[in-house]
Amino acid sequence: MGNGVAHVCAVSGFSVKLVDISEEALARGIATIGKNLDRQVSKGKISADDKAAAMARIETGTEYGLFADCDLVIEAATENEAVKKQVLAKLCPVLKPDAYIASNTSSISITRLGAATDRPARFMGMHFMNPVPVMALVELIRGIATAEETFATIKNLVARMGKTSVSAEDFPAFIVNRVLLPMINEAVYTLYEGVGSVECIDNAMRLGANHPMGPLELADFIGLDVCLSVMQVLHEGLADSKYRPCPLLVKYVEAGWLGRKTNRGFYDYSGETPIPTR
């Protein structure tokens, strides 16, 4: 997600500082940005000169001090509240007093994350959809302390990126994942209970509901660990048994079968064509 956000910001003309945990992670991120920009060039959406200019706007590093002169920092760490708070604790001391912070969290309380910073009034949720360069939507979420000026500034920024924003209240999983992840979880239950195979469930939803991807294919794309994390946030935050994560989803995550990023989830991606694993 982080490299996708950097990609969109750079193409939109903004100078970008990209920080990750290692030079290897940064190299992978830059390679992905280059590949995705090449795809846009081949489709005529940008020119080769646009690609070169966008790449030149991205500076990388592993130290938070790189953010010292930034006006906005978008946190895109893994969907784990403790990890995000650790990132914010390291980030805040190096920022300008008037810098904004946004979190790309897909489910965690913006109010709680904002309270862990030194600037809750200048903190809000900025949830991009994956893949960021392709998807048009950004969910904007105010925490209880988010200033109206902060919200207006970030909303204007999203428009300058060519994205469409929707405003969501600070409830677990916001809008998109509040609707989407229970559907995916129910698809996993449908598999778990033997109602249909992976292939049948995905074909049924593609052809019967006109979804571009089946729910299990989509889960693999999102990452099964992320799907489980969001369902746990919903289950704990809303205290409703209908959000209980499917035991089969838990088993896949425990096995390290996280989807595309590990080459195995509800499909095996080790060959040329994905093969259902159940």
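The shown structure was predicted, so the numbers you read here are calculated from the model rather than taken from an experiment. (Residues numbered from 1 in each chain as written. Predicted model: local features only at pLDDT ≥ 70, side-chain atom pairs only at ≥ 80, totals over all residues. Heavy atoms only, no water.)

(A) Representation of the pairing of strand E1 (residues 16-19). Side-chain alternation along E1 places Val16 and Leu18 on a buried face and Lys17 and Val19 on a face that remains uncovered. When E1 meets strand E2 (residues 58-61), the two strands line up parallel, connected through four bridges. The partner of Val19 across the bridge, within E2, is Gly61. (Buried < 20%, exposed > 50% of the residue type's maximum accessible area, 1.4 Å probe, protein only. Helix = DSSP H or I, 4+ residues; strand = E, 2+ residues; numbered from the N terminus. Pairing = 2+ DSSP bridges.)

(B) Local environment of the domain arrangement of the protein. Parsing the protein into structural domains produces domain 1 (1-169) and domain 2 (177-276). Domain 1 and domain 2 are separated by 26 Å when their C-alpha centres are compared. Of the residues lining the interface, six residues belong to domain 1; the matching set on domain 2 comes to five residues. Both faces considered, domain 1 and domain 2 share a buried interface measuring about 530 Å² in area, 54% of it formed by carbon and sulfur atoms. (Domains from an automatic or database assignment. Contact = heavy atoms within 4.5 Å. Buried area = accessible area lost by both parts, 1.4 Å probe.)

(C) Region of interest: the environment of Leu234. Checked against the element boundaries, Leu234 lands in helix H10 (residues 224-238). Assessed through its relative accessible area of 0%, Leu234 is described here as buried. Sequence separation between Leu234 and Arg178 is 56 residues, and the spatial gap between their C-alpha atoms is 7.7 Å.

(D) Region of interest: the packing of helix H7 (residues 176-192) against H10. Two elements in contact, H7 and H10, have axes whose closest approach is 10 Å; the angle formed by their N-to-C orientations is 110 degrees. Taken together, H7 and H10 sit at an angle that is classed as roughly perpendicular. Crossing of H7 over H10 shows left-handed handedness. Contact residues: Asn177, Arg178, Leu181, Pro182, Ile184 and Asn185 in H7; Cys227, Val230, Met231, Leu234 and Leu238 in H10. The residue makeup of the contact of H7 with H10, split by class, is eight nonpolar, two polar and one charged. (Axes fitted to C-alpha atoms, helices over the stretch in contact; angles between N-to-C directions. Parallel < 35°, antiparallel > 145°, perpendicular 65-115°, else oblique. Left-handed = near helix turned anticlockwise from the far one by under 90°. Nonpolar A, V, L, I, M, F, W, Y, C, P; charged D, E, K, R; others polar.)

(E) A look at the UniProt feature "domain: 3-hydroxyacyl-CoA dehydrogenase NAD binding" (unreviewed entry) in the protein. Annotation from UniProt places "domain: 3-hydroxyacyl-CoA dehydrogenase NAD binding" (unreviewed entry) at residues 1-170. Annotated as 41% helix and 19% strand, the span residues 1-170 places its first and last C-alpha atoms 21 Å apart. (UniProt positions renumbered as here; feature names shortened; annotations may be inferred.)

(F) Structural detail: the packing of H7 against helix H9 (residues 215-222). In the contact formed by H7 and H9, the axes pass within 9 Å of each other and the chain directions differ by 120 degrees. Crossing hand, H7 versus H9: left-handed. Within the contact between the two elements, H7 uses Leu180, Met183, Ile184, Ala187, Val188 and Leu191 and H9 uses Pro215, Leu216, Leu218, Ala219 and Ile222. When the residues that make up the contact of H7 with H9 are grouped by side-chain class, the tally is 11 nonpolar, no polar and no charged.

(G) Here's a closer look at the UniProt feature "site: Important for catalytic activity" (unreviewed entry) in the protein. Sites flagged by UniProt as "site: Important for catalytic activity" (unreviewed entry) map to His127. Along the polypeptide, His127 turns up in strand E5 (residues 123-128). Judged by its relative accessible area of 5%, His127 falls in the buried class. In terms of polar contacts, His127 uses its side chain to reach the side chain of Glu139, at 2.7 Å. (Polar contact = N/O pair within 3.5 Å; in protein donor to acceptor, adjacent residues only side chain to side chain.)

(H) Highlighting the pattern of salt bridges. Taken as a whole and assessed by the stated rule, the structure comprises 14 salt bridges. Notably, a salt bridge pairs Lys51 with Asp38, separated by 2.7 Å at the nearest N-O pair. Here the residue Lys51 occupies a position in helix H3 (residues 48-56), and Asp38 occupies one in helix H2 (residues 23-42), the gap between them amounting to 13 residues. When its relative accessible area of 38% is taken as the criterion, Asp38 is described as partly exposed. One salt-bridge network, held together by shared partners, links Lys17, Glu59 and Asp69. (Salt bridge = Lys/Arg side-chain N within 4 Å of Asp/Glu carboxyl O.)

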